[in-house]
Amino acid sequence: MAVAIAVGRFSVCVAAFCLLCASALLERDTYSQPALPHSSAIVELSSTAVWIWRCVSWHNGMALSNGSSLLIARRSVDEFDVLSSEDLQASNCTKLVDYSELVAMEVKENWESLEQHLDPMYKLQFFNSSFSKNNKVKRNQALVDNADQWFSQYHNITEIQEWFRRLSEENQLTVFMNNSIGKSSQYNIDIFSVHITDKSVRKEKTKIYLQCLLHAREWISGSVCMYLAQQLAQPEQSNDALIDLLKEVEFIFVPLANPDGYYLTWYKYPKYRMWRKNLAGVGVGKCAGVDLNRNFDVHWSEDGGGSDPCSDVYQGTSAGSEREVQTIADYIKHHSPVHGAIDFHSYYQEVLYPYAWTADSPQDEEDLKRIADSVASAIGAVNGQVYSTQRMGSVYVASGTFVDWYDHMIFTRQYDWLL
């Protein structure tokens, strides 16, 4: 288990402390995926798209019973030990349709069936109960209800929202929850935020923004946000250093930045477990979804974006076209100055810093590298895990990313930042 972090410009001590908390979560060997039932979906990696294959036999040549067929979703760039395209073709399999196109069809059908129910709460209850009704994700409700065991499994949207509400209610001296700072593109699900600081200290504080689940399939990032929030909300129970830190710093969390996409990874588990984008464009074109981390208004539509709506890195119709991106950008601007930002992703053991849009180095790379190295050292000091540190653009070039947008914003608006 690992988390890749996109790091904005902020205090070394704050960055190191946050990652110390995160690294404690990464130590857990008991963290479990939802139980995977026998299924017609097999997931593998591909660089920009996922394809659906229909097979009439297994890869070992054994025919499926009763003349049935098997749907296989395959990708290409992760490190799963799964079938290649050549294996599929050799196994009487036929490529049917792009993954994104299939999502567009299924989501449109599902959404139209819900349109008669105009009550948003009804819709949300439907979203988060449907997967349990068809038993696609096996849940241990005792663990969901037991705070001490919360981090032993992943959680759906309703559970995550309720967990943060309880955190806010039980820690009113440190936590404030804003139930809606905006809505998602397709299902109008509330995007919420959580602020954590010592409320008794009334002064201008350093603000640090933390964001998780911008990419729907990266479930571990959401768990890291929850773990960090828990540690910060209860400083007397976790670390005495936090008590003083919260007098000077306000942490702003957006724990579930892409609720539509995250919902899909649960509702259609395991078929769409690897869905990355939001669900924009349903009913408009043949494919659904925009990669929110290619849609920010900075160097949009340059190298590393995608103009094909069926691509996993589709950049959208225009810079900042997506409601989720607009919500994040507006919220950060509203709470300016925000002195630093972390965008959590998975799954590589890397601390990444600007730029992403080019392989060129920023003028202050020495400072950014020093911050990233401090974060990596803090993780290693806790559990011995080794994180590399590098510019995002030296790994892969990506335009329209959150980290470049934040980096651009603090300089064009002349925000102060700490080193």
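Residues numbered from 1 in each chain as written. Predicted model: local features only at pLDDT ≥ 70, side-chain atom pairs only at ≥ 80, totals over all residues. Heavy atoms only, no water.

Chemist: I'd love a proper account of the overall build of the protein chain, names of residues and values included.
Modeler: When helices and strands are tallied, the protein chain shows 14 helices and 11 strands. Scored against the burial criterion, the 419 residues of the protein chain give a buried share of 58%. Sequence separation of 24 or more characterises 76% of the internal contacts of the protein chain that already satisfy a separation of 6 or more. Surface exposure of the protein chain reaches about 17,700 Å², of which carbon and sulfur atoms provide 48%. (Helix = DSSP H or I, 4+ residues; strand = E, 2+ residues; numbered from the N terminus. Buried < 20%, exposed > 50% of the residue type's maximum accessible area, 1.4 Å probe, protein only. Contact = heavy atoms within 4.5 Å. Areas by Shrake-Rupley, 256 points an atom, 1.4 Å probe, with all protein chains shown as cover.)

Chemist: Can you tell me about the state of the cysteines, naming the residues and giving the values?
Modeler: Counted by the stated rule, this structure contains two disulfides. A sulfur-sulfur distance of 2.2 Å marks the disulfide that ties cysteine 212 to cysteine 225. Residues cysteine 212 and cysteine 225 are joined through a disulfide that is right-handed, its torsion about the S-S bond being 85 degrees. Placement of cysteine 212 in the loop between strand 7 (206–211) and helix 7 (219–233) and of cysteine 225 in helix 7 is noted, with a sequence separation of 13 residues between them. With respect to class, cysteine 212 is no different from cysteine 225; both count as buried. A disulfide bridge connects cysteine 287 with cysteine 310, and the sulfur atoms are separated by 1.9 Å. When the S-S torsion is 75 degrees, as for the bridge of cysteine 287 with cysteine 310, the disulfide is right-handed. (Disulfide = S-S within 2.5 Å.)

Chemist: I'd love a proper account of the packing of helix 6 (residues 157–170) against helix 7, names of residues and values included.
Modeler: Where helix 6 contacts helix 7, the axes come no closer than 11 Å and their chain directions differ by 10 degrees. Compared by their axis directions, helix 6 and helix 7 come out roughly parallel. Residues Ile160, Trp163, Phe164 and Leu167 of helix 6 form the contact with helix 7, whose participating residues are Cys225, Met226, Ala229, Gln230 and Ala233. Across the contact of helix 6 with helix 7, the residue classes break down as eight nonpolar, one polar and no charged. (Axes fitted to C-alpha atoms, helices over the stretch in contact; angles between N-to-C directions. Parallel < 35°, antiparallel > 145°, perpendicular 65-115°, else oblique. Nonpolar A, V, L, I, M, F, W, Y, C, P; charged D, E, K, R; others polar.)

Chemist: Please provide a residue-by-residue account of the environment of asparagine 178, values included.
Modeler: Counting through the fold element by element, asparagine 178 comes out in strand 5 (residues 175–183). Of the residues examined, asparagine 178 reaches a relative accessible area of 23% and is grouped as partly exposed. A C-alpha to C-alpha distance of 10.0 Å links asparagine 178 and aspartate 190, two positions 12 residues apart in sequence. Those residues in contact with asparagine 178 that lie beyond four places of it in its chain are Phe192, Ser193 and Tyr331.

Chemist: If you had to explain unusual backbone geometry to someone new, which residues and values would you point to?
Modeler: Following serine 336, the chain continues into proline 337 via a peptide bond in cis, with omega recorded as 0 degrees. Note that the residue after proline 354, namely tyrosine 355, is joined by a cis bond; omega there is 5 degrees. Along the polypeptide, tyrosine 355 turns up in the loop between strand 10 (350–353) and helix 12 (365–383). Positive phi outside glycine occurs at asparagine 188, with the angle close to 55 degrees. Along the chain, the position of asparagine 188 falls in the loop between strand 5 and strand 6 (190–196).

Chemist: Could you give me a rundown of the pattern of salt bridges, with the residues and numbers involved?
Modeler: Opposite charge on two side chains allows them to pair when their charged atoms are near. For the coordinates displayed, the defined rule picks out 10 salt bridges. Between aspartate 190 and lysine 183 there is a salt bridge, and its shortest N-O distance comes to 2.6 Å. Aspartate 367 is the salt-bridge partner of arginine 370, the closest N and O atoms lying 3.6 Å from each other. Taken together, the positions of arginine 370 and aspartate 367, both in helix 12 and three residues apart, correspond to about one turn of that helix. Given a relative accessible area of 37%, arginine 370 falls into the partly exposed group. (Salt bridge = Lys/Arg side-chain N within 4 Å of Asp/Glu carboxyl O.)

Chemist: Summarise the pairing of strand 8 (residues 249–254); cite the residues concerned and give the values.
Modeler: Look at any regular strand and the pattern is simple: side chains alternate between the two faces of the sheet. Burial analysis of strand 8 places six of its six residues in the buried class, which makes it a mostly covered element. In strand 8, alternate side chains face the same way, and those of Val249, Phe251 and Phe253 on one face and Glu250, Ile252 and Val254 on the other are all buried. The pairing of strand 6 with strand 8 spans three bridges and is classified as antiparallel. Opposite valine 194, over in strand 8, you have phenylalanine 253 as the bridge partner. As paired elements, strand 7 and strand 8 share six bridges and run parallel to each other. (Pairing = 2+ DSSP bridges.)

Chemist: Let's hear about the confidence of the model for the protein chain: which residues, and what values?
Modeler: Summing up the model confidence of the protein chain, the mean pLDDT is 75 and the portion of residues at 70 or higher is 63%. Long-range and interchain partners of residues 9–17, a stretch whose pLDDT sits below 50, account for 36 contacts in this model, where long-range means more than four residues apart. (pLDDT = per-residue confidence, 0-100.)

Chemist: I'd like a rundown of the pairing of strand 7, residues and numbers included.
Modeler: Among the six residues in strand 7, six count as buried, and that is most of the element. Neither face of strand 7 is left uncovered, since the one carrying Thr206, Ile208 and Leu210 and the one carrying Lys207, Tyr209 and Gln211 both have all their residues buried. As judged from the four bridges shared by strand 7 and strand 9 (residues 340–345), these two strands associate in the parallel manner. Its bridge partner being in strand 9, leucine 210 is matched across the sheet by isoleucine 342.

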